[in-house]
Amino acid sequence: MNVLRKAHTMMREWCLPGLVIVLLLTGGHLFADGPLVVKIRPFRENDIDFTKEYKVQLLDLVLSKTEATDGPFRIEVAGDEPIHQSRVMELIDQGELTVIATMTSREREEQLLPVRIPVYRGLWGHRIFIINREALETFAAVRTEEQLKALWAGQGHDWPDTKILKANGYNVVTSANYRGLFAMLQEKRFDYFPRAVNEPWREVEEEKARDLVVEPTLLVQYYAPAYFFVSKKNTKLADRLRRGFELALDDGSFVELFNTHWYIQDTLELAKIQERTIFRLENPLLPPETPLDRPELWYQP
């Protein structure tokens, strides 16, 4: 992200810590109410300056597309302690946070207001597995979906993925404790831990004492878009985000960010999606409004 970006008479300046974005507008547009404050939780893509995180840069990009018409904005980080996604969504509903980027489901779209442009272009619907090292031969022998269904997956108890896997006939063990799932896998309480393609290498490194590995040959795929969600009361922001996304699609800047961002490119290089056996699942949780009829929104290997 450019530290200082100018367009016509508009200037944005990033100020750290706290990811405070200060915008000064001159010449033609005055916004007496001050900047729009967008409160987010840290996305924790990696141990980096989070102004370089993909979702933060995308949120900035989308909001910047409507600065001239809707006014300046400021993105602030609210809190740093780990909390469940369900709690973050409650805080958004209560107005203490503004935006979350998370996987959609019917229940989530009933609770919050989605902006139905897939943040990761559906890439995170490609799931690969963390397994015990000693199970590599077992998984290398899997050739059919029935063979995979005979094994047990581990997932979070409130994750949409859990319901998707169960609806497709997969065996699933659940836990309310994300970190506890790695211990359960090591203890062989289940056989594999499906993760979005961006997640497993970092997690295996974090849990390296457990002798876990990323399974190299298999992948399950289903439509599982992550959207920006806001409070149902915040229709003005949802509309602004939607219009900003469409402008970023029209001028190519959204796809350009996706295609060039280091985090996406590192993920694709590690995942080697085209070299894996892919099992395609149905997602019964998708609301009918999911934009499956817009191929330009979706990643295609």
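From a predicted model like this one, the values you see are computed outputs, not experimental measurements. (Residues numbered from 1 in each chain as written. Predicted model: local features only at pLDDT ≥ 70, side-chain atom pairs only at ≥ 80, totals over all residues. Heavy atoms only, no water.)

Draft legend 1. Representation of the overall build of the protein chain in the model. Scanning the protein chain from terminus to terminus reveals 12 helices and 15 strands. Across the 301 residues of the protein chain, 51% fall into the buried class. Within the protein chain, residue pairs in contact and separated by at least 24 positions form 74% of the contacts whose partners lie at least 6 positions apart. Accessible area for the protein chain stands at about 14,400 Å²; split by element, carbon and sulfur atoms hold 51% of it. (Helix = DSSP H or I, 4+ residues; strand = E, 2+ residues; numbered from the N terminus. Buried < 20%, exposed > 50% of the residue type's maximum accessible area, 1.4 Å probe, protein only. Contact = heavy atoms within 4.5 Å. Areas by Shrake-Rupley, 256 points an atom, 1.4 Å probe, with all protein chains shown as cover.)

Draft legend 2. Here's a closer look at the nonpolar core. Ranked by internal contacts, the top residues of the largest apolar core, which has 53 residues, are Tyr54, Leu58, Leu123, Phe228 and Leu241. In this structure, Ala135, Val142, Ile164 and Val220 belong to the second largest nonpolar core, which totals 22 residues. (Core = buried A, V, L, I, M, F, W, Y, C linked by side-chain atoms within 4.5 Å.)

Draft legend 3. Layout of the packing of helix α1 (residues 54-64) against helix α11 (residues 253-260). Running from N to C, α1 and α11 point in directions that differ by 165°, and their axes come no closer than 11 Å. Classed by the angle they form, the pair α1 and α11 counts as roughly antiparallel. Considering only the axes of α1 and α11, their crossing is right-handed. Contacts between α1 and α11 involve Tyr54, Gln57, Leu58 and Leu61 from the first element and Ser253, Phe254, Leu257 and Phe258 from the second. Looking at side-chain class alone, the contact of α1 with α11 contains six nonpolar, two polar and no charged residues. (Axes fitted to C-alpha atoms, helices over the stretch in contact; angles between N-to-C directions. Parallel < 35°, antiparallel > 145°, perpendicular 65-115°, else oblique. Left-handed = near helix turned anticlockwise from the far one by under 90°. Nonpolar A, V, L, I, M, F, W, Y, C, P; charged D, E, K, R; others polar.)

Draft legend 4. Representation of the sheet that holds strand β14 (residues 226-230) in the model. Read across the sheet, three strands follow the order β6-β14-β7 without closing on themselves; strand pairing throughout is antiparallel. The sheet is open, and its two borders are formed by β6 (100-103) and β7 (113-115), each paired with just one other strand. Put simply, the sheet's adjacent strands are angled 45° from each other on average, direction ignored. Judged from the four bridges that link them, β6 and β14 form a sheet pairing that is antiparallel. Following the sheet pairing, Met103 is matched in β14 by Ala226. Across the sheet, helix α3 (residues 85-93) is in contact with β6 and β14; its angle to β6 comes to roughly 135°. (Pairing = 2+ DSSP bridges.)

Draft legend 5. Fine view of the packing of α1 against helix α10 (residues 235-250). Look at α1 against α10: their axes get within 7 Å of each other, and the N-to-C directions meet at 95°. When the interaxial angle is binned, α1 and α10 end up roughly perpendicular. Facing Leu58, Leu59, Leu61, Val62 and Leu63 of α1, the residues of α10 in contact are Leu237, Arg240, Leu241, Gly244, Phe245 and Ala248. Here the residues of the contact of α1 with α10 sort into nine nonpolar, one polar and one charged.

Draft legend 6. Region of the structure containing helix α12 (residues 262-271). If you check which residues of α12 are buried, you get Tyr263, Ile264, Thr267 and Ala271. One side of α12 holds all its buried residues, which, seen down the axis, span an arc of 100°. Packed against the buried residues of α12 are α1, α9 (200-206) and α11. Directly after α12, the chain includes Lys272, whose backbone phi takes a positive value near 50°. (Arc of directions from axis to C-beta.)

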